[in-house]
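Results of the structural survey
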Amino acid sequence: MDERNFIIPKYGPFAGMRVVGSGSLIAMPFALTMLADFGAEVIQIERPGIGDPLRGLAPFAEINGKRVSTAWAQNGRNRLSMALELNLKHEEVKEIFFDLIKESDIFMENMVWLEKLGIYDEELLKVNPKLVIVHVSGMGHKEFGGIPGVCNRASYDMIGQAFSGWLNLQGEPDNNPSVSKPYTNDYVSAFTTLFGTLAAYNYALKTGKGQVVDVAQFEAMAQYMCGMYTAYTMAGIVPQRTGNYNNAFQPYDMFKSSDGFLVALGAFGPGVYKRCIPAMGLDVEYYNYKDCSDGPAAVESPKGRELAQKVVDWCASHTAEEIETIMEGARVPCATVNTAKSAVENKHFISRNDWINYEDQTTGSEVKAFGIAPKMSETPGKVWRGAPTLGQDTEAILKTILGYDDAKIAELRDKKLIG
């Protein structure tokens, strides 16, 4: 039975798990958010007076005379914020950090400069042999292989997209590649981090032995490249960007509706194709799959191009809602391209309870934000609190988890080691 003292309410499948995270922006901290959404007690260590730079990411909401980053209001929820100058050259900080590690299951970071701060995996595992240590970086840690100079490179979302080769496939062929947004590589890396963390945690629960997990942004993105690498290694093909145009099969594109919306519509494979073409009122015997959609030669043939125009014309003669309804009836994948506004107002999002309300701690106002995914029948996640102010939970963590008294906390504050 876990005798540790927890601050957050008990809920979700990760209730009783404590995670300490140190780092900033999106990849690693969003993995923290996912764990927190499902019940883990997540302590994010932030620099006093500075905090996670995500707090300063535009756009902002101005409410009650206070300003908050809308990204922070969405992603910072459910975390505890501890303002601590995390440099172990300060003995008091080393004591706090090691005491916290003893009381935790996972330490996750994306700071890169750990050695300068005096943080070493071997020492942490001595302090807590069951600890799962998760490093998130652009190019990976040299202990797991790689060229040391490359491992030391700084990185952002765009860098991971570029180095993996993902970026080369985005956008129109006659222009420079377009960075996939918003922060695609960061969020992909977050889910790779989440998977690695839970795999190592499961092992620790079974064996009592912790380990180190190394997540590189470029490798996380590389996992999403489908057959792009093997196209080269097996067939000598170096795939290039084709934009929205697809000549492998059709219809598969975004089409303009009569009321001016873009609608994504796709029919992959003969089964869906044979449902799609009649749903448009077209002769599927004449515009048969083999002649019109079975590979580049069929798509580019005169009859294939004739069909392509017919699809454009059909969509242009129907509203977006009509297109969706007809394709829904035919079981053909189709969706209007939503904006943030139309998504928030969309009846399906709403009926799925995808929009939830909670109080933003910075402005004291109610936030409507995207809620919990995935859905779970027995141990659902929840949002127990909005994104914290910088250092909002420092004192509670020191008192409740570590047992520090007011005098010791005041001394740490006077030395500007906590905020």
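Before reading further, recall that the structure is shown in the block above.
The notes below deal with the structure included here. Because the structure is predicted, anything quoted here is derived from the model rather than measured.

1. A short note on the sheet that holds strand E8 (residues 211-216)
Spatially, six strands are ordered E5-E2-E1-E6-E7-E8 in an open sheet, and the strand pairing comes out parallel. The sheet terminates laterally at strand E5 (79-83) and E8, the two strands that pair on one side only. The average undirected angle you get between the axes of adjacent strands in this sheet is 20°. Alignment of strand E7 (residues 132-137) against E8, held across six bridges, turns out to be parallel. Bridging across to E8, valine 136 finds its partner in valine 215.

2. What about the pattern of salt bridges?
Following the criterion strictly, the structure yields 17 salt bridges and no others. Arginine 18 is the partner of glutamate 41 in a salt bridge, and the nearest nitrogen-oxygen pair spans 2.8 Å. Residue glutamate 41 is located in strand E2 (residues 41-46), and its partner arginine 18 is located in strand E1 (residues 18-22); the two are separated by 23 residues in the primary sequence. Taking the relative accessible area as the measure of exposure, glutamate 41 reaches 1% and is therefore buried. For arginine 18, a relative accessible area of 0% gives the class buried. In this structure, glutamate 395 engages arginine 413 in a salt bridge whose closest nitrogen and oxygen atoms are separated by 3.8 Å. In this pair, glutamate 395 is assigned in helix H17 (residues 394-401) and arginine 413 in helix H18 (residues 406-414), connecting sequence segments 18 residues apart. Judged by relative accessible area, glutamate 395 falls into the partly exposed class, the value being 35%. Through salt bridges that share partners, Glu395, Lys399, Asp406 and Arg413 make up one connected network.

3. Focus: the state of the cysteines
Enumeration according to the criterion identifies zero disulfides in this entry. No disulfide involves cysteine 292; its sulfur sits 12 Å from that of cysteine 276, the nearest cysteine. On the basis of relative accessibility, which here comes to 0%, the residue cysteine 292 falls in the buried class.

4. Section: the sheet that holds strand E11 (residues 334-336)
Sheet architecture is open: three strands sit in the order E9-E10-E11, paired in antiparallel fashion. Here the strands that pair on one side only, and so sit at the sheet edges, are strand E9 (252-256) and E11. Mean inter-strand twist for the sheet, computed between neighbouring axes without regard to direction, equals 20°. Bridge analysis of strand E10 (residues 262-266) against E11 gives three bridges, and the strand direction is antiparallel. Along E11, the bridge assignment pairs valine 263 with threonine 336.

Rules behind the numbers
Residues numbered from 1 in each chain as written. Predicted model: local features only at pLDDT ≥ 70, side-chain atom pairs only at ≥ 80, totals over all residues. Heavy atoms only, no water. Pairing = 2+ DSSP bridges. Helix = DSSP H or I, 4+ residues; strand = E, 2+ residues; numbered from the N terminus. Axes fitted to C-alpha atoms, helices over the stretch in contact; angles between N-to-C directions. Salt bridge = Lys/Arg side-chain N within 4 Å of Asp/Glu carboxyl O. Buried < 20%, exposed > 50% of the residue type's maximum accessible area, 1.4 Å probe, protein only. Disulfide = S-S within 2.5 Å.

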